[in-house]
Amino acid sequence: MGHRGGHRDGTLANVLGVTVANRWFVKRKGLVVGMLTASAATGQLLFLPLLAKITEELGWRYSAYAAVAALLILLPVVVIWMRNHPYEVGAAPYGEEQLVKPSPFRGNLFLEPLISLRLASRSLTFWLLAGTFFFCGFTTNGLIGTHLIPACGDFDISMVTGAGLLALMGVFDLVGTTLSGWLSDRFDNRWLLFWYYALRGLSLIYLPQALGLGPTHLLVFAVFYGLDWIATVPPTVKLTTDAFGKERAGMIFGWVVVAHQIGASTAAYSAGVLRDWLGSYTLPFMLAGATCFVAALMAVRIQAASRQKVAADG
């Protein structure tokens, strides 16, 4: 199978971001989720050119060492300065004035996620959210994050240049996903998802042509696709929280992210198989664009929270 280059999405960071936003913010939660999500993905994409350069000059092991070194630097920062709840610093959540002590966790740490999945699985909203996020993973880190660099190689574009395109997407992702968070506080999130997936589909259908037409067209793709890289996260989080309540939102969104990663792994494998069979990435990119249109139609079928609310007690 063709060689791979790319990144793995910060799924753990995304799920933790939902919990952080729900604990620390009452107002502007969508914007906060957008900023946290964008920063996680953008950081990964921006580091790709550096890791690609290290891989080319020193080998892949040294790029892994560099990633581990960055983690070791961050660990003491998290331990010393980060806090679990605003109560720990004597503050109320943003948008509230009353200081409230957090309720202690009750229940089994290992069973609670399964209980949340059982409750959520009764809801069509959950399956639509998980289904759209499956296609999100299929068309982002599973496809572009894994296969854009080898696809560039098919057109004699270097690995470092391909990684640079991903880094440029990261810059525009920071703008697009942050803006998506702001929009999710103000508009119908189902229709936001509709437009995000539909526009992503158009960009993926355009990609095979862009690869053959040269740098300017690839630049247009990188900007357009980058704005939409993970702009789907804030509306998906908002719909999850509205449907299932903020207490269970983190766990249930975690299961939605599981679908995202299944989609990503499906695309990573199937696109490689098709490339080896056909000698080109054209069909995988075109098919991925078509799946985005399916996701767009699924998004508008999600019922408004006012019409479907899953009780926390099941």
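Right above here is the structure, for reference.
So, here is what we can say about the structure in this document. (Residues numbered from 1 in each chain as written. Predicted model: local features only at pLDDT ≥ 70, side-chain atom pairs only at ≥ 80, totals over all residues. Heavy atoms only, no water.)

**Some thoughts on the overall build of the chain**
Going by this rule: Only DSSP runs of H or I covering at least 4 residues are called helices, and only runs of E covering at least 2 are called strands; the numbering of each starts at the N terminus. Burial classification: accessible surface area is computed with a 1.4 Å probe over protein chains only, and a residue below 20% of its type maximum counts as buried, one above 50% as exposed, and the rest as partly exposed. The contact criterion used throughout is that any non-hydrogen atoms of two residues lie within 4.5 Å.
The secondary structure content of the chain amounts to twelve helices and zero strands. Beginning at the N terminus, the succession of helices and strands in the chain can be written as α-α-α-α-α-α-α-α-α-α-α-α. Within the chain, buried positions represent 46% of all 314 residues. Relative to all contacts within the chain whose residues are 6 or more apart in sequence, the contacts with residues 24 or more apart total 82%.

**A look at the pattern of salt bridges**
Operational definition: By definition here, a salt bridge exists when the distance from a side-chain nitrogen of Lys or Arg to a carboxyl oxygen of Asp or Glu is within 4 Å.
Under the counting rule described, the total for this entry stands at five salt bridges. Across the salt bridge formed by arginine 275 and aspartate 154, the nearest N and O atoms sit 2.9 Å from each other. A residue pair is termed long-range when its members are at least 10 positions apart, and arginine 275 in helix 11 (residues 246–278) and aspartate 154 in the loop between helix 6 (144–153) and helix 7 (159–184) qualify at 121 residues. We classify aspartate 154 as partly exposed; its relative accessible area is 33%. Of the charged contacts, one joins aspartate 242 and lysine 238 as a salt bridge, the two residues approaching to 3.3 Å between their closest N and O atoms. Of this pair, aspartate 242 and lysine 238 both sit in helix 10 (residues 233–244), four residues apart, roughly one helical turn.

**Description of the side chain of serine 203**
Residue placement: serine 203 occurs in helix 8 (residues 189–213). Apart from the residues within four sequence positions on either side, serine 203 is in contact with Phe221, Phe224 and Tyr225.

**Some remarks on the packing of aromatic side chains**
Let me state the cut-off plainly: Each Phe, Tyr or Trp ring, with Trp reduced to its six-membered ring, pairs with another whose centre is within 6.5 Å; inter-plane angles below 30 degrees give stacked pairs, above 60 give edge-to-face pairs, and intermediate values give tilted ones.
One pass over the full model with this rule turns up ten aromatic pairs. Each ring, one from tyrosine 62 and one from tyrosine 65, has its centre 5.5 Å from the other, and the planes form 80 degrees; the classification is edge-to-face. Of the two residues, tyrosine 62 and tyrosine 65 both sit in helix 3 (residues 60–81), three residues apart, roughly one turn of that helix.

So, to be careful, I would describe these as geometric facts and stop short of saying anything about function.
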